[in-house]
Amino acid sequence: MVLPSSFATGSGCPPPIPGARWSPADAPVRPLLLWVRTGTAHVRLDDGPALHLQAGESVWIPADGRAERAITTEPGTVAFPLCPHAGVGARGLPELTRFDVPDGWQDWLIQLFNLQVTPFSGRGYSPEAIEELLRRPGPRPPAPATAGRPPAPEALAAEAEHPTPEGLAAKERHLTPEALAPPTMPRARGARAVAEELMRDPALDLTVERWASRVLSSARTLRRDFLADTGLTFERWRLHCRLAAAVEFLAAGYDVDQVAALVGFASRNGLTRAFKGRFGLTPHEFGRDFSARPGAGGLTQRAAAARQTDDLIRMMRETDTPAAPEMLPPASTPSHTNDIHVLSWMYRGSGYLDIGDRRYERERGVATWIPAELEHVTGLRENSVSLPLGNAGTADLHLTAPLQVRFSSAWDDYLMFCSISARSALRPDDHDPRHILALFAEQAAAQRALSVPMPTDPRARAVAMECLRRIGEPGAAQDPETDGTQDAEIHRAFRDETGMTLGRWRYAARMRIARDLLTGGAQPSAVARRIGYAHLPTFSAAFSRFHGLSPREYQEREAAGGR
């Protein structure tokens, strides 16, 4: 069943974007690419001079040899911090380098940020396809060995070049879809957060103690959760994760030394030993066999991102200006559940949310709360980009089905800023992760208030929309300003077209918004302020007159009905 988006286009203007500061917690120092979409950013390394970036400019910030990074943005600025794989640092530049980002690359950079902070995966090889390619016979028959004698060196070379069926069978015992697939994800919250970050960047080289500190756990708990949920120790799970990524990069044509750096091995020898121990052939043999087979090709999201990062580095070195990336491929998450509600917004194109047999369409501008504890798949169609805006605990938001709101394009920059603040270390000093909850609740409630009969007269409708936009401002209980000649006509339009006076219409809209905010779990005192009441008793009396229950009684009834 396909369900459409829940609401019509929202109204109102977004809040101003505050300044922000880079404040990493216990995180590894990695190379950083900072791209300024709008506004102005400032970057300083150690005690060096500040670098000032304007809209459309980027800077490569190396990882090595720097004690301090000072990154700040001015109010009104949207700047994306992009962390390439840890292994990319060796291929980047050794010093702070400014460069311009061509227009065709900008949405790709936004999608790259999304892929860094969400569990999306894209098209490319599948483990079954890899296995099938390697099962196909080579172009020439193998050279037989002489019975009773050890094979000659040239025969060994021929076997390596054109393996025998027996040799291929030995390899195929290791090259099963299960062996080639990424390792099972743990279910425990802290272990899953670590696993997702390692899946995004397997080259990260933190001890289990540092990982535990980052997810507010202990090393003992983290080890126990990995073993209980996946059947693998943490170290073994990380090794399988790195080897699965190595398969992707080898299939994309990277050489063994490059792959070793990209997935976190200190040397090609270490990668070769681990790869052969798991798959029965060396990385060089795998890459050679894969590239020689018909139908080889196609990149995973990870490999495609690495290739395009290489292009960015060439751009930074000013060796050429690579062509803009091709159309963004479709992407989807594996079927999974969250233990918190997750808010996701469609910036470009369209996507979907599948829960059981129901499909919720996600169109351009639609933000969707995905409920906790519901197994689901989220997907993006070709040339589409989504961004996560934040999370909410089950105690903060009562939600049993997806909740959607459509934001106009005027909100784009502000919502991008919310995503960056929620999923990176670049955020305001007074950042409150819960602010997006209040913002979304107000937007949803204001849109639901449109179910109150609306006047069709253009002037009266404009007054109604202005009332909704200013619903929480002091003095919003008063009639909007109109000139004397229009005032009577507007009041007459409200009476004739809605059956209510303007004052009664505004009262009904405020009470509808109040009802939805209370249903979402907001405190009555907060609801009173959000819809323009200075005092809780005044709001409670108005709500009781309209709904026949006090705000507290209404919340208790709704909570009992949801159990």
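All values reported here derive from a predicted model rather than from experimental measurement.

Visitor: What exactly am I supposed to notice about the overall build of the protein here?
Guide: Counting its regular elements, the protein contains 21 helices and 19 strands. Taking all 563 residues of the protein together, 49% fall into the buried category. Partitioning the contacts of the protein with sequence separation of at least 6, the portion at a separation of at least 24 is 75%. Accessible surface for the protein amounts to roughly 25900 Å². Of this, 51% is attributable to carbon and sulfur atoms.

Visitor: I'm lost on helix H6 (residues 189–200) in this one. Help?
Guide: Counting along an α-helix, one turn takes 3.6 residues, and residues three or four places apart therefore face a common direction. For H6, with 12 residues, the first-to-last C-alpha span of 17 Å sits near the 16 Å given by 1.5 Å per residue. Considered for burial, the residues of H6 that qualify are Gly190, Ala191, Arg192, Val194, Ala195, Glu197 and Leu198. Next to the buried residues of H6 lie helix H7 (208–214), helix H8 (219–230) and helix H9 (234–251).

Visitor: Looking at this structure, I do not really get the pairing of strand E9 (residues 97–100). What am I missing?
Guide: Walk down a regular strand and you will see the side chains alternate between the two sheet faces. Going residue by residue along E9, you find Thr97 and Phe99 tucked away on one face and Arg98 and Asp100 left uncovered on the opposite face. Two strands pair when backbone bridges link them, and strand E6 (residues 57–61) and E9 are joined in this way by 4 bridges, in the antiparallel orientation. Note on E9: the bridge partner recorded for Ser58 is Phe99.

Visitor: How do you make sense of the sheet that holds strand E3 (residues 32–38) when you look at a structure like this?
Guide: Taken in spatial order, the 4 strands make up an open sheet running E8-E3-E6-E9, and their pairing is antiparallel. This sheet does not close on itself; its edge strands, each paired only once, are strand E8 (78–82) and E9. Across the sheet, the mean angle separating the axes of adjacent strands is 20° when strand polarity is ignored. Note: E3 against E6, 4 bridges, orientation antiparallel. Note that in E6 the partner of Leu34 across the bridge is Val59. Here helix H1 (residues 106–117) sits on the sheet in contact with E3 and E8, set at roughly 55° to E8. Docked against the sheet, helix H14 (residues 412–423) engages E3 and E8, running at close to 35° with respect to E8.

Visitor: Sorry if this is basic, but what is going on with the packing of aromatic side chains here?
Guide: To describe a pair of aromatic rings, one takes the distance between the centres and the angle between the planes. Taken as a whole and assessed by the stated rule, the structure comprises 16 aromatic pairs. Taking 5.7 Å as the distance between ring centres and 85° as the angle between the ring planes, the aromatic pair formed by Phe249 and Tyr254 counts as edge-to-face. Here the two residues Phe249 and Tyr254 agree in accessibility, since each one is buried. Taken together, the aromatic side chains of Tyr533, Phe539, Phe543 and Tyr554 make up a single cluster linked through ring pairs. In this structure, Arg359 packs its charged tip against the face of Tyr352, placed 3.9 Å from the ring centre.

Visitor: Hey, could you run me through the packing of H1 against H14 in this one?
Guide: Helix packing geometry: the angle between the two helix axes and the distance between the axes. At their nearest, the axes of H1 and H14 sit 11 Å apart, and the two run at 35° to each other. Once H1 is placed against H14, the crossing between them reads as left-handed. Along its contact with H1, which presents Ile110, Phe113 and Val117, the element H14 presents Met416, Ser419, Ile420 and Arg423. Within the contact of H1 with H14, the residues separate by chemical class into 5 nonpolar, 1 polar and 1 charged.

Visitor: Would you mind going over the pattern of salt bridges with me for this structure?
Guide: Where side chains of opposite charge bring their charged atoms close, a pairing between them can arise. Taken as a whole, this structure holds 19 salt bridges when the rule is applied. Linking Arg189 and Asp339 is a salt bridge whose minimum nitrogen-to-oxygen distance equals 3.9 Å. Here Asp339 lies in the loop between strand E11 (331–332) and strand E12 (341–348) and Arg189 lies in helix H6, a separation of 150 residues in the sequence. On the accessibility criterion, Arg189 (53% relative accessible area) is exposed.

Visitor: Please clarify how H9 should be interpreted in this entry.
Guide: Spanning 18 residues, H9 covers 26 Å between terminal C-alpha atoms, matching the ideal 26 Å at 1.5 Å per step. The element H9 is largely enclosed, with a buried count of 15 among its 18 residues. Looking one or two residues beyond H9, the residue adopting positive phi is Gly253, at roughly 100°.

Visitor: Mind showing me how you'd approach the confidence of the model for the protein here?
Guide: One rule of thumb: low pLDDT means the predicted coordinates there are not for detailed reading. Averaged over the protein, the pLDDT score is 77; the fraction of residues at 70 or greater is 70%. Scored below 50 in pLDDT, residues 122–173 makes 64 contacts in the model with residues more than four places away or belonging to other chains. Contacts from residues 477–485, a stretch scored under 50 in pLDDT, to residues over four places away or in other chains number 13 contacts.

Visitor: Quick question: what am I supposed to make of the side chain of Arg238 here?
Guide: By secondary structure assignment, the location of Arg238 is in helix H9. Salt bridges are absent for the buried Arg238, whose nearest opposite-charge side chain, Asp205, sits at 4.3 Å. A distance of 3.1 Å separates the side chain of Arg238 from the backbone oxygen of Leu206, its partner in a polar contact. With residues up to four places along the chain from it excluded, the contact list for Arg238 reads Leu198, Asp205, Leu206 and Trp211.

Visitor: How do you make sense of the packing of H9 against helix H11 (residues 268–279) when you look at a structure like this?
Guide: In contact at an axis separation of 11 Å, H9 and H11 are set at 95° when each is read in the N-to-C sense. It follows from the interaxial angle that H9 and H11 lie roughly perpendicular. Contacts between H9 and H11 involve Leu239, His240, Leu243, Ala246, Val247 and Leu250 on the former and, on the latter, Leu271, Ala274, Phe275, Arg278 and Phe279. Along the lines of polarity and charge, the residues of the contact of H9 with H11 split into 9 nonpolar, 1 polar and 1 charged.

Visitor: Looking at this model, I keep getting lost on the sheet that holds strand E18 (residues 403–406). Mind explaining?
Guide: Two modes of strand pairing occur in sheets, parallel and antiparallel, and in both the strands are linked by backbone hydrogen bonds. Strand order in the open sheet formed by 4 strands is E17-E12-E15-E18, with antiparallel pairing between adjacent strands. The outermost strands of the open sheet, each flanked by one partner alone, are strand E17 (385–392) and E18. Shown here is a sheet whose adjacent strand axes are inclined to one another by a mean of 20°, direction ignored. Pairing of strand E15 (residues 366–370) with E18 involves 4 bridges; the strand directions are antiparallel. Note on E18: the bridge partner recorded for Val366 is Arg406. Relative to the sheet, H1 contacts E12 and E17, its axis offset from that of E17 by approximately 40°.

Visitor: Whenever I open this one, the side chain of Thr498 confuses me. Can you help?
Guide: Examined against the element boundaries, Thr498 turns out to sit in helix H17 (residues 484–498). The buried category is assigned to Thr498, whose relative accessible area is 12%. A polar atom in the side chain of Thr498 sits 2.5 Å from the backbone oxygen of Phe494. Within polar-contact distance, the side chain of Thr498 engages the backbone nitrogen of Met500 at 3.1 Å. Residue contacts for Thr498: discarding those within four places in its chain leaves Pro453, Met454, Pro455, Ala493 and Trp505.

Rules used throughout
- Residues numbered from 1 in each chain as written.
- Predicted model: local features only at pLDDT ≥ 70, side-chain atom pairs only at ≥ 80, totals over all residues.
- Heavy atoms only, no water.
- Helix = DSSP H or I, 4+ residues; strand = E, 2+ residues; numbered from the N terminus.
- Buried < 20%, exposed > 50% of the residue type's maximum accessible area, 1.4 Å probe, protein only.
- Contact = heavy atoms within 4.5 Å.
- Areas by Shrake-Rupley, 256 points an atom, 1.4 Å probe, with all protein chains shown as cover.
- Expected span 1.5 Å × (residues − 1).
- Pairing = 2+ DSSP bridges.
- Axes fitted to C-alpha atoms, helices over the stretch in contact; angles between N-to-C directions.
- Phe/Tyr/Trp six-rings, centres within 6.5 Å; stacked < 30°, edge-to-face > 60°.
- Lys NZ or Arg CZ within 6 Å of the ring centre and 35° of its normal.
- Left-handed = near helix turned anticlockwise from the far one by under 90°.
- Nonpolar A, V, L, I, M, F, W, Y, C, P; charged D, E, K, R; others polar.
- Salt bridge = Lys/Arg side-chain N within 4 Å of Asp/Glu carboxyl O.
- pLDDT = per-residue confidence, 0-100.
- Lys, Arg positive; Asp, Glu negative; His and termini not counted.
- Polar contact = N/O pair within 3.5 Å; in protein donor to acceptor, adjacent residues only side chain to side chain.
- Parallel < 35°, antiparallel > 145°, perpendicular 65-115°, else oblique.

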